[in-house]
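# Topology and contacts: notes
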Amino acid sequence: MKNFKDFALDETILSAIADLGYEEPTAIQQQVLPSVLDGKDVIAKSKTGSGKTAAFAIPTIEKIDWAENKPQVLVLLPTRELAVQVKEDFTNIGRYKRIKAVALFGREPIRFQTTALRQKTHVVAGTPGRVMDHIERGTLKLDELKYFVIDEADELLHMGFLDQVEAIIKLLPKKRQTLLFSATYSSEIRKLAERYMNQPIFIEHEDKQMKKSTIEQKLVEVDTAHKYETLKKFTVIENPNSCIVFCNTKDQVDQLCEKLENDGYSVDMLHGGMTQDDRLAVMKDFRRGDFRYLVATDVAARGIDIEDISMVIQYDVPYEKESYVHRIGRTGRAGQRGVAIMLAAKNERRQLNEIEEYIEKTIERVAIPAIDLVEANRQAFETKMQSSPERKVMKSEQLNANIMKIYFNGGKKKKLRAIDFVGTINSIDGIEGKDIGIITIEEACTFVEILNGKGPIVLKAMQNKTVKNKQLKVHIAKK
Ligand code: AMP
């Protein structure tokens, strides 16, 4: 068992890892990290929850040349939520190295992303369509790219992105490292690897902890007309702190969410018909523990990392067998106990058979909870319903607690550069280079992150200091 300190990692990265609370590398990190540092192409068969994002983020951040303005790492992934999450992981791990990461995804105005890309950008995480769009517009420059990561490769192919992924690969510099992560290793993925990777090392991690599934899978056979009452009975006897209820369609999500709300549940919903902003906001609130029940379509099933979900209910049997595995994978994370209950009506029998064939096991049949069992648990359930959920502190919030983002009313137009801000801020008593975080220079203003709780010192001192002989207005940034 290795320690993070055993890898030749920069102090800035080790301290970010420590702040994130990662005590030791996960199985996949132990294998992927040294190979990437060693310059090898890597194929890793791994699932979300294994720590795979950090497995590619840590070594690539280590190797990023901070001074280079053009992107050095490109990560392709299947969904917007994942793009945002991977961007955040890079930002968190690269915080003290001042790594700038940008997420690119569709259905957000392209101009915001273009503005972000005009700045120094070390890492880009995006969905294939939008990444291609930026390449074609000339707003994403790839000539300095050193690392190309295909994340959730099986899902990218499954969603029909193969052509776009290949088209992007053809535009990348030949001299690069390619890393591919996938939960399954199909012949299509093998072909992709053979075509575009250079003698890749194949890593299949045997994480004992992961293998010993802590998810109790149960199945209830119930008529469609009785699904709602059954669902409520399970919520009473299980009384989860947080729970996702999966449905197959957004109409079903809408209806179920409304019913639960009327019945006094602390509930919100997530589906593909909502705007991007709404989806991200709901995910954020759910992660934080602002409400207990999330009713969702499969947009919430894939890859999204939320801790402490003690129960998943599948209100409908999924149309696609793979979805079953992704849905139940939202619970029982990090070795905790999780319950996954699926409600199956007679007309869902065929899908159910396909799922059981796919997972190579028969899901345990359980009866609808008996009335006296439900009543025995009712009091505890009501008490929890009346109390507000415990608010979880998110990792990035913990990291951000010591960081103040400061606004200066001068940027590119005034010919200011990052080095001008670093020079001035460094000259303040009690401030060192390591206290200065990410600097974002826009046309008319600049944002500077001050780390280690030293924001107030800088804010005060800057009222009387100039940057490149210019007196700027300075205040705490609003965004
Ligand atoms: P992933 O497989 O990338 O979705 O990561 C799953 C979760 O594990 C994320 O919340 C990570 O922040 C967390 N994580 C990654 N590496 C470690 C580690 N070495 N120790 C503890 N948690 C980790």
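Residues numbered from 1 in each chain as written. Predicted model: local features only at pLDDT ≥ 70, side-chain atom pairs only at ≥ 80, totals over all residues. Heavy atoms only, no water.

### Here we look at helix H5 (residues 110–118)
Note that an α-helix has 3.6 residues per turn; residues three or four places apart therefore point the same way. Three or more residues of H5 are buried, namely Ile 110, Gln 113, Thr 114 and Leu 117. The buried residues of H5 all sit within an arc of 105° when viewed along its axis, so they share a single face. (Buried < 20%, exposed > 50% of the residue type's maximum accessible area, 1.4 Å probe, protein only. Helix = DSSP H or I, 4+ residues; strand = E, 2+ residues; numbered from the N terminus. Arc of directions from axis to C-beta.)

### So, the sheet that holds strand E8 (residues 215–221)
Pairing between the strands of a sheet comes from backbone hydrogen bonds, and it takes one of two forms, parallel or antiparallel. Here 7 strands make up an open sheet; going across it, the order is E10-E11-E9-E12-E13-E8-E14 and the pairing parallel. Of all strands in the sheet, those with a lone pairing partner are strand E10 (267–270) and strand E14 (364–365), marking the two edges. Both E8 and E14 contribute to a ladder of 2 bridges, which runs parallel. For Lys 218, the partnering residue across the bridge sits in E14 and is Glu 364. Its contacts with the sheet place helix H14 (residues 321–328) against E8, strand E9 (243–246), strand E12 (311–314) and strand E13 (338–344), and it is angled at close to 155° to E12. (Pairing = 2+ DSSP bridges. Contact = heavy atoms within 4.5 Å. Axes fitted to C-alpha atoms, helices over the stretch in contact; angles between N-to-C directions.)

### Considering the pattern of salt bridges
For the structure shown, the criterion picks out 22 salt bridges. Here Lys 70 makes a salt bridge to Asp 143, at a shortest N to O gap of 2.8 Å. Of this pair, Lys 70 sits in the loop between helix H3 (52–63) and strand E2 (73–76) while Asp 143 is found in the loop between helix H6 (128–137) and strand E5 (147–150), placing the two residues 73 residues apart along the sequence. Given a relative accessible area of 29%, Lys 70 falls into the partly exposed group. A relative accessible area of 47% means that Asp 143 is categorised as partly exposed. (Salt bridge = Lys/Arg side-chain N within 4 Å of Asp/Glu carboxyl O.)

### Examining unusual backbone geometry
Positive phi, normally seen in glycine, also occurs at Gln 199, with a value near 40°. Here Gln 199 shows up in the loop between helix H9 (187–196) and strand E7 (201–204).

### Re helix H18 (residues 418–426)
Within H18, burial applies to Asp 420, Phe 421, Thr 424 and Ile 425. Burial along H18 is one-sided: seen end-on, the buried residues are contained in an arc of 120°. Elements in contact with the buried residues of H18: strand E15 (404–408), strand E16 (436–441), strand E17 (446–450), helix H19 (455–461) and strand E18 (466–467).

### Some words on the side chain of His 122
Examined against the element boundaries, His 122 turns out to sit in the loop between H5 and strand E4 (123–126). When its relative accessible area of 0% is taken as the criterion, His 122 is described as buried. Look past the residues within four positions of His 122 in its chain and what remains in contact with it is Ile 64, Asp 65, Trp 66, Glu 68, Pro 71, Gln 72, Val 73, Arg 98, Ile 99 and Lys 100.

### Focus on the nonpolar core
Core analysis: the biggest nonpolar cluster contains 41 residues, and Val 32, Ile 58, Val 75 and Phe 90 have the highest contact counts within it. When sequence neighbours within four positions are dropped, the list of residues in contact with Val 32 reads Val 42, Ala 44, Ala 55, Phe 181 and Ile 203. Core analysis: the second largest hydrophobic core is formed by 29 residues, Leu 156, Leu 180, Ala 193 and Tyr 196 among them. (Core = buried A, V, L, I, M, F, W, Y, C linked by side-chain atoms within 4.5 Å.)

### Describing the domain arrangement of the protein
A common measure of how large an interface is: the accessible area buried when the components associate. Assigned domains within the protein: domain 1 (4–208), domain 2 (213–392) and domain 3 (401–476). On a C-alpha basis, the centroid separation for the pair domain 1 and domain 2 is 31 Å. On the domain 2 side, the residues contacting the 13 residues of domain 1 number 15 residues. Broken down residue by residue, the surface that domain 1 buries against domain 2 is led by Arg 80, Glu 81 and Gln 85, which jointly contribute 40%. For the pair domain 1 and domain 2, the number of links is 1 salt bridge. Residue Arg 279 is joined to Glu 81 by a salt bridge in which the shortest nitrogen-to-oxygen separation is 2.8 Å. Elements supplying a minimum of two residues to the side of domain 1 that touches domain 2: helix H4 (80–93) and helix H7 (153–158). Considering each element in turn, the side of domain 1 that touches domain 2 owes the most residues, 5 residues, to H4. (Domains from an automatic or database assignment. Buried area = accessible area lost by both parts, 1.4 Å probe.)

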